[in-house]
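Structural description and commentary
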Amino acid sequence: MALRGLSATSLLLHGMKCSWSLKFLTVATSSPESPKQKAKVVYASSTKENTTLVNYLQHLGVDVEMVRRRQPGVLKRMITHEQRVVQFLQDKGASRETVASIISRYPRAVTRTNEHLQKKWEIWQSILKTDSEIIEIVERSPESFFRSSDNTNLEENIKFLSSLGLLPKDLCRLLSKAPRTFSNRSELNMQMVDFLKDVCLSLGGDSPEEFVMKVLTKNVFLLIRSTKRVKANIEFLQAFLGLKDKELLVLLHGYGADVLDLSTEYIKRNCGSAKQKLQSLGCTENDVIRFLISYPPVLYLSSKNFIDKIDCLLKAGIDIKQILEKPRVMDTSVGTITSRIMELEKIGYNFQETGIGILHLSAKRFEAKLNKLST
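Given the structure is predicted, the values throughout are model-derived calculations rather than measurements.

With respect to the pattern of salt bridges
Applying the stated criterion across every chain, the model contains 14 salt bridges. Across the pair E49 and R68 runs a salt bridge, and its minimum N-O distance is 2.9 Å. In this pair, E49 is assigned in the loop between β2 (40-45) and α2 (51-60) and R68 in helix α3 (residues 64-70), connecting sequence segments 19 residues apart. Its relative accessible area of 29% is what places R68 among the partly exposed residues. When the shortest N-O distance is used, the salt bridge between E265 and K268 registers 3.8 Å. You can see E265 and its partner K268 sitting in helix α15 (residues 264-280), three residues apart, about one turn around the helix. Classification of K268 by relative accessible area gives partly exposed; the value is 36%.

The structure is reproduced here in C-alpha cells:
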C-alpha cells in the first residue's frame, strides 16, 4: 500500500543493491497514456575495474596488488592519464622502474593532467633547480608531488615561507626532507608559525620572528606536525627538566628544537629509560638532567638503542662521566663504535688519557686521525 503511486523507475532505484552505483540516468515518465515510453538507466558496478588501465599498469611493471590495497578506487576510474604521466616523468629523467614504483606507492598520480604536472614542476623548479633533484624527491615521496591538485596553494606556501625570511637553501631542505610542508593547506603552516611566535612571547622572548626562523631551520619536520603535539612536547620537557621559562627558551633556540616533532609518548618513554639506566650506573638526577639538556637529540634513540650504546662504551673501559661530558658520542651507531674501539685498541689508544671525542668524528676525519696516531 505504501508503494502505490511510485513510477517503475522509482521502484527500480528503491530496490537497487548497495553494491551498485548510479552512473547515468535519463528518465521518461511511464504512464497509461504513453505505454511505449521507457526509462533509460545505465549503471556501472562499483567493483568493476578499468581493464585497459590495469593491463597498462601491469605492462609498465606497477605493483597492481599494492595499488588495490592503497587506492583501489583509482583502478575503477574510466578517465585517467597514465600514459601522459608516464611520458612526463620519463621526459624529466625518471627510469621506467622509478615511474612504476611511484605509481605503485601513490596510484592517484595517474589522475593528474599534463597541464597540472607541468605547472607544478615549474613551481618546484623555483626552489630546486634541476630535474634530477625533483625526480629524487618524487621517487622518495610520491605523495608530496601528486597528492594536492591545488597549485595555487603550493605557490601560497612558497610565498608565505619565503616571507618568514627562509632562504632558497632553507626551502630546498624543507622540500627535500619534509615535502608535505608544501602540499599542506597554507593555513596550517600559518597556524604553526603563529603558535611558535606565541611560545616565544610566553617564555619571555622578544624576537618571535627570529625564534620561528631558528626553530624551523633546525627542525624541518615541524610544519608537518600538529601544534597540539609540539605544545605537549614543550610542556613535558619543561616539567621533566625543571626549566624556567628563559632556560626553556634557550633550549628551544638550540638542540631542543630537534626533538619537538617526535611523539610525546616516545619522548616520555626515552626520558624515563635514560634516567633509569644512568641512575643505575651511579648518576644523580641532576647528572641525568644536565646530560639531556646538553644534548636533547639523544632522545631520538629508542630505549634499547640507548642502553646498547652505553653498555658498548662501558665495556671498552670508558667511564660514564666521560659519556655525560661528550653526549654526541651517542650519535654514532653501535657497529661503528665497536669497530673504532677495536682499531684504537690495536694502537694502544687510552680513552682515559685522550678522551672519547674521536669516536664521533666523521668517517673521513676518523681515518685521518687514526693514520696520524699510527705513525
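Examining the packing of helix α4 (residues 82-91) against helix α6 (residues 114-125)
Relative orientation of the contacting elements α4 and α6 amounts to 25°, with a least axis distance of 10 Å. As the angle between them shows, α4 and α6 are arranged roughly parallel. Crossing handedness for the pair α4 and α6: right-handed. Contacts between α4 and α6 involve R84, V85 and F88 from the former and N114, L117, Q118 and W121 from the latter. Looking at the contact of α4 with α6, its residues break down into four nonpolar, two polar and one charged.

As for the side chain of K309
With respect to the element layout, K309 can be found in helix α17 (residues 303-315). Of the side chains with opposite charge, D331 lies nearest to the buried K309, which makes no salt bridge, at 6.3 Å. Only 2.6 Å separates the side chain of K309 from the backbone oxygen of M330, close enough to count as a polar contact. Apart from residues lying up to four places away in sequence, K309 is in contact with L301, M330, D331, T332, S333 and V334.

Reading the values: the criteria
- Residues numbered from 1 in each chain as written.
- Predicted model: local features only at pLDDT ≥ 70, side-chain atom pairs only at ≥ 80, totals over all residues.
- Heavy atoms only, no water.
- Salt bridge = Lys/Arg side-chain N within 4 Å of Asp/Glu carboxyl O.
- Helix = DSSP H or I, 4+ residues; strand = E, 2+ residues; numbered from the N terminus.
- Buried < 20%, exposed > 50% of the residue type's maximum accessible area, 1.4 Å probe, protein only.
- Axes fitted to C-alpha atoms, helices over the stretch in contact; angles between N-to-C directions.
- Parallel < 35°, antiparallel > 145°, perpendicular 65-115°, else oblique.
- Left-handed = near helix turned anticlockwise from the far one by under 90°.
- Contact = heavy atoms within 4.5 Å.
- Nonpolar A, V, L, I, M, F, W, Y, C, P; charged D, E, K, R; others polar.
- Lys, Arg positive; Asp, Glu negative; His and termini not counted.
- Polar contact = N/O pair within 3.5 Å; in protein donor to acceptor, adjacent residues only side chain to side chain.

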